[in-house]
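Summary of the model geometry
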Amino acid sequence: MVKELLAPAGDLEAGYAALYYGADAVYLGLQKFSARATAVNFNEENLNEFVGYAHSLSPRRKVFVAINTLVQNAEISDLIESLNICSRCHVDAIIIQDLGVAKIVRDFYPELEMHASTQMAVHNKNGALALQKFGFKRVVAARELSQKEIAELASIPDLEIEAFIHGALCYSYSGICLFSSMETGRSANRGKCLYPCRACFKGEDGDKHYFSMKDMALEQDVLKMPAYSLKIEGRKKSALYVAAVTDFYRRLLDGKGEDYNRAENIKQIFSRPWCKFHFNGRDKNVIDRDFVGHRGLSIGQISKISKNSFTFVTNHDIARHDGIQIDVQGEEKPFGFSLLKMKVNSKFDFEAHNGDLVEVFLPPHAPQLKVGDNVYLASSSLVKGAYPYTKPKPNEYLQRQAIDVVVEIFADKISANAGDYSAEVSGVFEPARDALKTEQAVVNAFSKTGDTVFSLKNILVKNPEKLFAPVSILNELRRKLYALIPQVKNKTVVLPELSVRKFQSAKWVIKTDDISCLQNINLNDVDEIVYLLDEKAKLEDVLSLPKAKVRLSLPTINRSEKFWSLLIQKFLDDGFKKWEVSNYWGISALPDKGIDLSFSREIYMLNSYAIAAAKEMGAGRVNLSVEDTYANLQSLVASSSLPVVLNIYEDVALFTSAVCIRSNPCEKCPKGEKWIDLSYNGKKYQALSRNCQTFMFDKEPFVFNDDYFSLKADFYQVCFVYKKYTPQQARDIFYKLKNGQSVVSSQHGNLDNQAKF
């Protein structure tokens, strides 16, 4: 199968570099709604020109725009403008996280193909099938998947699968991480992640970067990748980086073999240590616990230290003004400096080669180094000039709006019209000596479209009296006409009016994964019990509850579809008809009819169109996000087309990871549940290791502020999930909340914080 090499572009230069070095497609973001909000990104002008250039190449290259953040109700008009830009610029596809965005694109922009972002956390076949049914033509697989799991997705007919092959990794499954949002107010789901996971935490193994991932680099294994589209991460990286990585994988895909020099070039431009994540099976060696950030290419180890210099044998060429970095124990980032003076084989020199003994002179205030410290080449002047690329002249490939013009010359005026727009210039026009020259002058004048977005497609000149028209008059007429024609063609998008929801009386829901915590609660005071199933769930435990009040909840992550299919069927056979799903896989795993379906908060509902999409997918109610703002929640509750659930108490999983936090080798793992205390800057956290997954929690629970009754939600939900609660603790918390009383909380998320979020 012919593969697509998909490269990133955080700006126009990176886009041109990607195309020059062989990318079949480029993905990029606009000024709004990009999951890389801090990249330079594209405005309409340079997007228009870039798409025009990409489409002009042979073979034709594609351009995808990432509108892959969650959108609030008040932002829908801005979203429509972004989609109009994409439509006007003829982009090939939109990469989407938000169900509301997907619904608007599908219903009003059929010319824009929909790709499901990795932020939608698709990690199994059922998840991909659910999104295909909704209208997605491509699904970006979760980074955590193995070669076998990606092959399962790729077996779905008429659905393209895109998978990452190189670049930065997140500790959490993408799209279900709330760490930055809940701790700093800046949401990863809104493109504003501050990467708190890469911080140094105090834990059972000391001060370590427990969650700081290495970079993915499949290298030669890219040839085993079963996905159609092979994706390079890096919209925040330089054009040089994009060029080097694209060139490296282009050569591999074209059968030119692995080039170690080119791999070393990449490491010198930007690289954490490389790994293949879980592509070839579960691997624990994917964390860099001791250091964060760009490391560079390893070129040796310190063999001798003097007062203001160190000596090592280099295994790579280096030169004056190259960037050097050294691992310094106890420091979370390597010590870096520009190489200004060195001795090579005991003589001062400007260059050193593989095998040379090099003495490097340190800058003032260098940290204490020691023999054995690793030395890295972090930047190379030679590499900086190794990836030249060409690009078009400004406006050379600007996509223009074709227009037809009719010009009529009369004795007392000249008129011009283009469709519904017309202009005229009065004057006295005498017979021409050469009418054909007049006609050509008209064509020449109206062909000059200048800085407008127009191109003259056809022109008809009517001059029955064979009159002469001065060029100055023709230019004036052209300017008047072109000024009247709108230079943009916006699609007419008539969104359905938001309904005004009728509130009756609120009901109370308890969600738990431990039925024993309910012993002291009068279940007559509870309208519904949502029981979160796990691998140890037993039918007999659930049967101890009043069946009419039970809703069974499926977990967010399912990497064992056969197991869950059998378990679901067992509960269906016993008559359980109320279900909750927290990922798209659950929609396909459950019957289309005969069940009462609810969406949990992990399927994000931040705008009313997402709720309308949920309704279309079979949901009878939705759970609103714990990371949303109060103002937006107020808007959603007032206009929702479905009943809404408001979480008012929960130990929120800040992230869910397929990477185990335990330091022991897998073969020596005692398994079972393990809680690990962590802290950072005085803030306390707890990590749960269970079933080869890691969940991160704040030490204290999330509690909605005291205004929750004012929102008039249909259901108020209290969660006792993951952490253990005694029956008395659960009773005290539930009845305090039911009576509107305060309970201890660590934070309110973004309820009072609109600006950052």
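Refer to the structure printed above.
Description of the structure in this document. Owing to the predicted nature of the structure, the values given are computational and were not obtained by experimental measurement. (Residues numbered from 1 in each chain as written. Predicted model: local features only at pLDDT ≥ 70, side-chain atom pairs only at ≥ 80, totals over all residues. Heavy atoms only, no water.)

**Remarks on the sheet that holds strand β20 (residues 347-348)**
Spatially, the five strands line up as an open sheet ordered β14-β15-β22-β19-β20, and their pairing is antiparallel. Edge positions in the sheet fall to β14 (304-305) and β20, since each of these pairs with one other strand and no more. As defined by bridge partners, strand β19 (residues 342-344) adjoins β20 across two bridges and the pair is classed as antiparallel. Within β20, the residue paired with Val344 across the bridge is Lys347. (Pairing = 2+ DSSP bridges. Helix = DSSP H or I, 4+ residues; strand = E, 2+ residues; numbered from the N terminus.)

**A short note on the sheet that holds strand β13 (residues 297-301)**
An order of β13-β23-β17-β18 is seen for the four strands of this open sheet, with the pairing classed as antiparallel. Both outer strands of the open sheet, β13 and β18 (335-338), are each paired with one neighbouring strand and no more. Across this sheet, the average inter-strand angle for adjacent strands is 30°, counted without regard to direction. Across four bridges, the pairing between strand β17 (residues 323-326) and β18 is antiparallel. Paired with Ile324 across the bridge in β18 is Phe337. (Axes fitted to C-alpha atoms, helices over the stretch in contact; angles between N-to-C directions.)

**Focus on the pattern of salt bridges**
Under the definition given, this model contains 46 salt bridges. Its salt-bridge partner being Glu204, residue Lys674 comes within 3.0 Å of it at the nearest N-O pair. One end of the pair, Lys674, is in strand β36 (residues 674-680); the other, Glu204, is in the loop between β8 (201-203) and β9 (206-208), and 470 residues separate them in sequence. For Lys674, a relative accessible area of 27% gives the class partly exposed. Across the pair Arg601 and Glu602 runs a salt bridge, and its minimum N-O distance is 3.7 Å. Exposure remark for Arg601: the relative accessible area of 7% places this residue in the buried category. Each of Glu4, Arg138, Glu160, Glu162 and Lys231 takes part in one network of salt bridges that share partners. (Salt bridge = Lys/Arg side-chain N within 4 Å of Asp/Glu carboxyl O. Buried < 20%, exposed > 50% of the residue type's maximum accessible area, 1.4 Å probe, protein only.)

Don't take any of this as a statement about function, it's just geometry.
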